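Observations on the three-dimensional arrangement
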4 protein chains.
Amino acid sequence: MSNSIGEKFQITTFGSSHGKAVGAVVDGCPANLELSPEDIQKELDKRKPGTSSVTTPRKEDDEVQILSGIFEGKTDGTPITGVILNKNQHSKDYSMFKDTPRPSHGDYGWMTKYGNYDYNGGGRGSGRITIGHVIGGAIAKKLLKIHNIEIISHVTQIGDIKAKPQDYTTLKENIEKNPVRCGDLKAASEMEELILAKKQEGDSVGGIVETIAVNIPAGLGEPVFERLDGDLARILMNIGAVKGVEIGLGFDVANHTGSEINDNYQIENGKITTRTNNSGGIVGGMSNGMPIVSRIAVKPTPSISKCQDSVDLKKMENKKIEIKGRHDPCICPRVTVVAESSTAIVLADHMIRSGFIHPTNLEK
Amino acid sequence: MSNSIGEKFQITTFGSSHGKAVGAVVDGCPANLELSPEDIQKELDKRKPGTSSVTTPRKEDDEVQILSGIFEGKTDGTPITGVILNKNQHSKDYSMFKDTPRPSHGDYGWMTKYGNYDYNGGGRGSGRITIGHVIGGAIAKKLLKIHNIEIISHVTQIGDIKAKPQDYTTLKENIEKNPVRCGDLKAASEMEELILAKKQEGDSVGGIVETIAVNIPAGLGEPVFERLDGDLARILMNIGAVKGVEIGLGFDVANHTGSEINDNYQIENGKITTRTNNSGGIVGGMSNGMPIVSRIAVKPTPSISKCQDSVDLKKMENKKIEIKGRHDPCICPRVTVVAESSTAIVLADHMIRSGFIHPTNLEK
Amino acid sequence: MSNSIGEKFQITTFGSSHGKAVGAVVDGCPANLELSPEDIQKELDKRKPGTSSVTTPRKEDDEVQILSGIFEGKTDGTPITGVILNKNQHSKDYSMFKDTPRPSHGDYGWMTKYGNYDYNGGGRGSGRITIGHVIGGAIAKKLLKIHNIEIISHVTQIGDIKAKPQDYTTLKENIEKNPVRCGDLKAASEMEELILAKKQEGDSVGGIVETIAVNIPAGLGEPVFERLDGDLARILMNIGAVKGVEIGLGFDVANHTGSEINDNYQIENGKITTRTNNSGGIVGGMSNGMPIVSRIAVKPTPSISKCQDSVDLKKMENKKIEIKGRHDPCICPRVTVVAESSTAIVLADHMIRSGFIHPTNLEK
Amino acid sequence: MSNSIGEKFQITTFGSSHGKAVGAVVDGCPANLELSPEDIQKELDKRKPGTSSVTTPRKEDDEVQILSGIFEGKTDGTPITGVILNKNQHSKDYSMFKDTPRPSHGDYGWMTKYGNYDYNGGGRGSGRITIGHVIGGAIAKKLLKIHNIEIISHVTQIGDIKAKPQDYTTLKENIEKNPVRCGDLKAASEMEELILAKKQEGDSVGGIVETIAVNIPAGLGEPVFERLDGDLARILMNIGAVKGVEIGLGFDVANHTGSEINDNYQIENGKITTRTNNSGGIVGGMSNGMPIVSRIAVKPTPSISKCQDSVDLKKMENKKIEIKGRHDPCICPRVTVVAESSTAIVLADHMIRSGFIHPTNLEK
């Protein structure tokens, strides 16, 4: 099993939902970046459940400790280890899932592939392991900030409710004003209502999360197999529950002609830009200097309390399953910070790889 | 620049559109697989232009030579090198593109990042370099066939024309019957018409290509950062012109609830299957034994003969550009074999990595 | 900085001498291996200082905690994290080394390359970080034991005192009977005397450590760039203080002819063996089934209390340096377990890579 | 099988002794390096046999073709492919070796591991495949030259004849004056005599090759698992026939105390140097700015015409073997260019990785 991602800026995550700890080792962050536990904690708090009406009421009082990699308040080039000790490890009885995989959950894969599977709370297949992504992302964001790069993710659709597009500034402000992290406040309150309704029904609902990264230099990404779009697609698709990734116009390109959507160049304030950004900031696998825009399709949380069909793998017979517990009726709001983190990890890695950030020491 | 992909089954591609050659080194194919140049040639012929009304009339008489890796008709575990010598290297004058990037083409990225860019025919940014993918894919397919795994790609949409879903057998037959490689013959002829109309206008059109892989064992893919869906998303997004990738229901999950789309388990002929396949054969990053279904969004060929706006990078001034030449008005039909190949490469890699195919010797 | 090694069985280490913790994440150990903290602790205790006359009297009461990767007493295929919290982090004032690199120490490299260097106790350049190697090695050894593979390291030379060769069984017994971990008891006591004499003088002394691995199947290692000898040479040379690595006859091959040292084949009890083992178990980069024998040259500990010449990097002027403190006068005895661990990591990795150990699940 | 080495500057080699071709793909060389086939050819000519009394009289008229990666006389950042078509592929009957491995040759490993082994001329286990290393090394050398880095390898010992140490300038001159590539002309002629005597006897003899790299900046290499000494040890040990690698004093450190061999620092012409270079230019895994000095132990060519014992693997019975043909009685002189190339590949890789050479474009 490979639990690492990234070439120069590389994260290795570990831990499971109900084990002793979850965390990440972040290797390749150059020395001399100011970094404190608070830098990481504030990102982790964004994915914390129990903070609003639309997430699970489970409490996870996660507090990160940095075990290595910081000297006198700055990174020293050595691996940075962030760890969160799990509380409430023995909170609940999950034994009914031991041999009975939950539909559309990873359980069946884990059981089939590894044999010895920690089925408690989804084990390492739990959404909780994205804490590792967020630790890596927090450090990546801090590193990108040096070059003024900023990344925000927001919810653009929940069920049949779609947000109206907003300009970047409004978007940034609005997503902080509602628990759904949607940039269109009217849609946000409808989304909230829909989520609560689904929760009431013991059901869940899917949605779409968009990520925008600004102030990207042209030339990030390697044009054949380590393309920026390919690397983003991979890390975003790797987020549990994601079933699709698109860049720029995405699937809508199918409906268009070249003359309609080609991004023509222009010189604007002495800089080369494109008149439109249908490419979403990436052409030929490389950034072109325009904002990088991606969207991910997030499936409805598979854990629902309605009765479903499963099988008993030991007895090899059909078996009904009901999943009790307090699950997120819609994972989209909490996925936003994971999408931001994942995007940040890829961008930090490529900024180093392409020579925009010095590989060992920011003071060089 | 990294021109390699895959961990155990790894391809490294090289060459450019108008250089001396294009090709691939395929490393990690176990010994004792029967392999001939014809196995590769027949796949290459699928992407050959000039074979139908809907592709460019350019002729590319590509003939592959195997320079290494085969002993007495079988692989011997050493790297397999497939090379195609380029003909007509000096066919045309591309100097007008030297400092003027074509809109929505990789040119600008190449110029910005590397400085010294072979602008002839798009250089290494040309679609022609997918010959390397197809060489790798042909070998991967042959290897997967041992386990009865089969992969087909077909066109499901061109512009506003959508194909009706077909059962697998009909699909397989029908795609061979029309130049668009569409499974719905009625839609296929409408698509052909649309493509020809766009060609007439000097324009191009986008579409969607679906790939189906059958007879996949459960448990392929590693559940965190080397997930099967993540690896497929990366390799598919890495294909030039692709702007979106989805698995199973894909973006449509946003419109649904968990109770609507969760794939319930059942026992069928002594095997565990799911009643539906909304997950597209991958859950928790691992295959579940159902067919793997992905779709990619393919943008309209950016090379169109209509006048477009660009800039002269040397003089830093705006400049009009007209791209003459014989380009594919729609790249989708030729992308199908590249999607098949890319999927095959990822599956072959994971079949070895997960222990289904012996890493060094098929006779073990 | 890359702090990972291994392809399928991969360890990532973190931490520094006087930071909060040191540890390792071990990724790729297949599921269903029984593993307890004691399995790791007993290996760590071998490198613990303060246990005999010949090591530093510093006490390091290191107790390992396993934070992840074990479910119901067995590995579950997820990354195994072993951590040791550092005690006595603020034991001593190292500020005199802040800008003054110790001769033949890594200090100068760290200062030059990273700028922000934790100079306390050598930071991440300290021998203490080999705790990470030993955590990885302990798990690797447990995994190799399934195939009966056993690895022992012993001291063959300290200064001018050379041990007489012993048969394997005597060697195994004798190294437990003396603090030098030398297989020749007479030489061992002379070595002990020499080390104590050098300690008395405020000096240190070098030596040679040999590692023998038995019950290796033929065919481990990949014959060009991931050869077994190359991978062993790398991991062994990566141990601080090692200045040479040899396999089999090693440098003595220079003094011989082919007819003298070629290892002729024979059939012995129905198995193919070689009459001699001058190759040290590896030919053409692959194991041949004979014991794998390597030797490393270990330099005298560079930390000596005698006055030495250095420079003040800030003031750019010459400066004398005296290194007080309780250092190992000879690191060889404690290096043995690191050499065993490093060898185990490479062998475990290649056992998985070559298909001798299943990559995901030992029960398959 | 992995046939690639290097992280940023990466070579992938392919081909076998008697197959159609041998060659290498060199990926990661930044754009804008002037490069011609002659740059590669002149290095290849150094390893060409048949050029002197001490090598095999076999003729290998190898002429390299560059198939990709050069545009207008300069690298363009895309992979550089160098290929040599093998002549005389069917020169000889090797069938007697089909099931009978030659003692101390890789044959047995290849047969055991891969089953289907091209036994003609040693297949991919032949020394001929170091052509790939030399292609990579030639490009690496050209790249390093920008920073004035120079690498030379020379023979210091053959059998019991040892060369006297020479200053760098004399060394450079002298190695061009004798077929052994030894820096001490008196020793060189004795070595030549010894080699010819062994040839006469149908035997072979071993030796030692030293490599010196000058003008290295301080801070190359990553201090834990991707150390410069570890990476050099691996690539040098990966050369067929090498059984030992040492840096600086190497195995002689065992005979010394810290006070005798620690390299004290000094300021010399405003630069920090060490008074001695017992460390061979690498401390703590990183370069310290002093010349990098390594030595490798090269075993006598295992192909000797004297009668030896082997086994018939099919019949599982003992069998005598006599290896006819024109083999190098001593491989050391021809290994020198392979050692230079291997060293150059590692240094070029780390120069890019540590930020001394821009990763994509030399004009940046």
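Residues numbered from 1 in each chain as written. Chains lettered and ligands numbered in written order. Predicted model: local features only at pLDDT ≥ 70, side-chain atom pairs only at ≥ 80, totals over all residues. Heavy atoms only, no water.

**Topic: the relation of the copies chain D and chain C**
The two copies are related by a screw motion: chain D maps onto chain C through a turn of 180 degrees and a shift of 0.0 Å along the axis, at an RMSD of 0.0 Å. Such a combination of rotation and displacement between the chain copies is what one expects of a two-fold axis. Rotation axis and chain D: the residue whose C-alpha lies nearest the axis is Arg234 of chain D, separated from it by 2.4 Å. Here 100% of the interface residues in chain D have copies in chain C that are interface residues too; the copies meet face to matching face. (Least-squares fit on C-alpha atoms with pLDDT ≥ 70 in both. Contact = heavy atoms within 4.5 Å.)

**Here's the deal with the interface of chain B and chain A**
Contacts between the two partners involve 102 residues from chain B, matched on the other side by 102 residues from chain A. The junction of chain B with chain A conceals about 7,900 Å² of combined surface from both sides, 61% of it contributed by carbon and sulfur atoms. Three residues stand out in chain B for area buried against chain A, namely Phe225, Lys243 and Tyr265 of chain B, and they jointly supply 12% of the buried area on that side. Our enumeration of links across chain B and chain A arrives at 2 salt bridges. We note a salt bridge from Asp309 of chain B to Arg275 of chain A, for which the minimum N-O separation is 3.1 Å. (Buried area = accessible area lost by both parts, 1.4 Å probe. Salt bridge = Lys/Arg side-chain N within 4 Å of Asp/Glu carboxyl O.)

**Side note on the sheet that holds strand 4 (residues 65–68) of chain B**
Residue and element names in this part refer to chain B. The strand order across the open sheet built from 5 strands is 1-2-3-7-4, with neighbouring strands paired in antiparallel fashion. In this open sheet, the two edge strands, each paired with only one partner strand, are strand 1 (4–5) and strand 4. Relative to strand 7 (residues 80–85), strand 4 is paired through 3 bridges, and the arrangement is antiparallel. When the bridges of strand 7 are listed, Gln65 appears paired with Val83. Each of strand 2 (10–15), strand 3 (21–27) and strand 7 is contacted by helix 3 (residues 130–145), which is oriented at about 35 degrees to strand 3, the strand it contacts most. (Pairing = 2+ DSSP bridges. Helix = DSSP H or I, 4+ residues; strand = E, 2+ residues; numbered from the N terminus. Axes fitted to C-alpha atoms, helices over the stretch in contact; angles between N-to-C directions.)

**Here we look at the pattern of salt bridges**
Any two side chains of opposite charge can pair, on the condition that their charged atoms come close. Applying the stated criterion across every chain yields a total of 110 salt bridges over all chains. Across the pair Arg334 of chain B and Asp328 of chain B runs a salt bridge, and its minimum N-O distance is 2.7 Å. For the pair shown, Arg334 of chain B and Asp328 of chain B are each scored as buried. Each of Lys8 of chain B together with Glu7, Glu222, Glu226, Asp231, Arg234, Asp349 and Arg353 of chain C takes part in salt bridges that share partners, so that together they form one network. (Buried < 20%, exposed > 50% of the residue type's maximum accessible area, 1.4 Å probe, protein only.)

**A few points about the relation of the copies chain B and chain A**
Superposing chain B onto chain A requires a rotation of 180 degrees together with a translation of 0.0 Å along the rotation axis, leaving an RMSD of 0.0 Å. The fraction of interface residues of chain B whose copies in chain A are also interface residues reaches 100%, indicating that both copies meet through the same surface.

**Digging into the nonpolar core**
Ranked by internal contacts, the top residues of the largest apolar core, which has 149 residues, are Phe9 and Ile158 of chain A together with Phe9, Ile158 and Ile296 of chain B. Membership of the second largest hydrophobic core comes to 147 residues, among which are Val209 and Val245 of chain C together with Ala233 and Ile282 of chain D. (Core = buried A, V, L, I, M, F, W, Y, C linked by side-chain atoms within 4.5 Å.)

**Describing unusual backbone geometry**
Excluding glycine, most residues fall at negative phi; most peptide bonds, likewise, are trans. Backbone geometry places Asn215 of chain B, a non-glycine residue, at a positive phi of 70 degrees. Note on placement: Asn215 of chain B falls in the loop between strand 10 (207–214) and helix 6 (228–237).

**Quick notes on the environment of Glu38 of chain A**
In this fold, Glu38 of chain A is placed in helix 1 (residues 37–47). For Glu38 of chain A and Ala138 of chain A, which are 100 residues apart along the polypeptide, the C-alpha to C-alpha distance reads 9.8 Å.

**As for the pairing of strand 13 (residues 271–274) of chain B**
Residue and element names in this part refer to chain B. Two strands pair when backbone bridges link them, and strand 12 (residues 265–268) and strand 13 are joined in this way by 4 bridges, in the antiparallel orientation. Note that in strand 13 the partner of Tyr265 across the bridge is Thr274. Where strand 12 folds back onto strand 13 in an antiparallel hairpin, the turn is made up of 2 residues, including Asn269, whose phi is positive at roughly 50 degrees.

**Describing helix 6 of chain B**
Of all 10 residues making up helix 6 of chain B, 10 are buried, and the element is well covered by its neighbours. Of all the residues in helix 6 of chain B, the buried ones are Leu228, Asp229, Gly230, Asp231, Leu232, Ala233, Arg234, Ile235, Leu236 and Met237 of chain B.

**A word on the side chain of Asn278 of chain B**
Along the polypeptide, Asn278 of chain B turns up in the loop between strand 13 and strand 14 (282–283). Of note is the side chain of Asn278 of chain B, whose polar atom sits 3.1 Å from the backbone oxygen of Ile261 of chain B. Residues within four places of Asn278 of chain B in sequence aside, it is in contact with Lys243 of chain A together with Gly248, Leu249, Glu260, Ile261 and Asp263 of chain B. (Polar contact = N/O pair within 3.5 Å; in protein donor to acceptor, adjacent residues only side chain to side chain.)

**Here we look at the sheet that holds strand 3 (residues 21–27) of chain D**
Residue and element names in this part refer to chain D. The strand order 1-2-3-7-4 describes an open sheet built from 5 strands, whose pairing is antiparallel. Edge positions in the sheet fall to strand 1 (4–5) and strand 4 (65–68), since each of these pairs with one other strand and no more. Strands strand 2 (10–15), strand 3 and strand 7 (80–85) of the sheet are contacted by helix 3 (residues 130–145), whose axis makes an angle of about 35 degrees with strand 3.

**Section: the packing of aromatic side chains**
The relative placement of two aromatic rings is captured by the distance of their centres and the angle of their planes. Applying the stated criterion to the full structure yields 22 aromatic pairs over all chains. Note on Tyr108 of chain A and Tyr265 of chain B: the rings are 5.4 Å apart at their centroids and 55 degrees apart in plane angle, and the pair reads as tilted. Residue Tyr108 of chain A is found in helix 2 (residues 107–114), and its partner Tyr265 of chain B is found in strand 12; the two belong to separate chains. Residue classification places Tyr108 of chain A among the buried positions, given a relative accessible area of 10%. Chaining the aromatic ring pairs together yields one cluster made of Trp110, Tyr114 and Tyr117 of chain A. Looking at Arg102 of chain A, its charged tip hangs above the ring of Phe97 of chain A, at a distance of 5.1 Å from the centre. (Phe/Tyr/Trp six-rings, centres within 6.5 Å; stacked < 30°, edge-to-face > 60°. Lys NZ or Arg CZ within 6 Å of the ring centre and 35° of its normal.)

**Description of the pairing of strand 2 of chain D**
Residue and element names in this part refer to chain D. Counting buried residues along strand 2, 6 of its 6 residues qualify, which places the element largely inside the surrounding structure. By the alternation rule, side chains of strand 2 split into Gln10, Thr12 and Phe14 and Ile11, Thr13 and Gly15, which are all buried. In this structure, strand 1 lies alongside strand 2, joined through 2 bridges in antiparallel fashion. The residue bridging Ser4 from the neighbouring strand is Thr12, located in strand 2.

**Brief notes about the interface of chain D and chain C**
At the interface, 102 residues of chain D touch 102 residues of chain C. For the pair chain D and chain C, the summed buried area comes to about 7,900 Å², and 61% of that belongs to carbon and sulfur atoms. Here chain D and chain C share 2 salt bridges between them. Linking chain D with chain C are 47 residue pairs in polar contact (both at pLDDT 80 or more). Residues belonging to the side of chain D that touches chain C are distributed by class as follows: 42 nonpolar, 40 polar and 20 charged. Bridge analysis of strand 11 (residues 242–247) of chain C against strand 11 (residues 242–247) of chain D gives 3 bridges, and the strand direction is antiparallel. Within the sheet, the bridge partner assigned to Gly244 of chain C lies in strand 11 of chain D and is Glu246 of chain D. (Nonpolar A, V, L, I, M, F, W, Y, C, P; charged D, E, K, R; others polar.)

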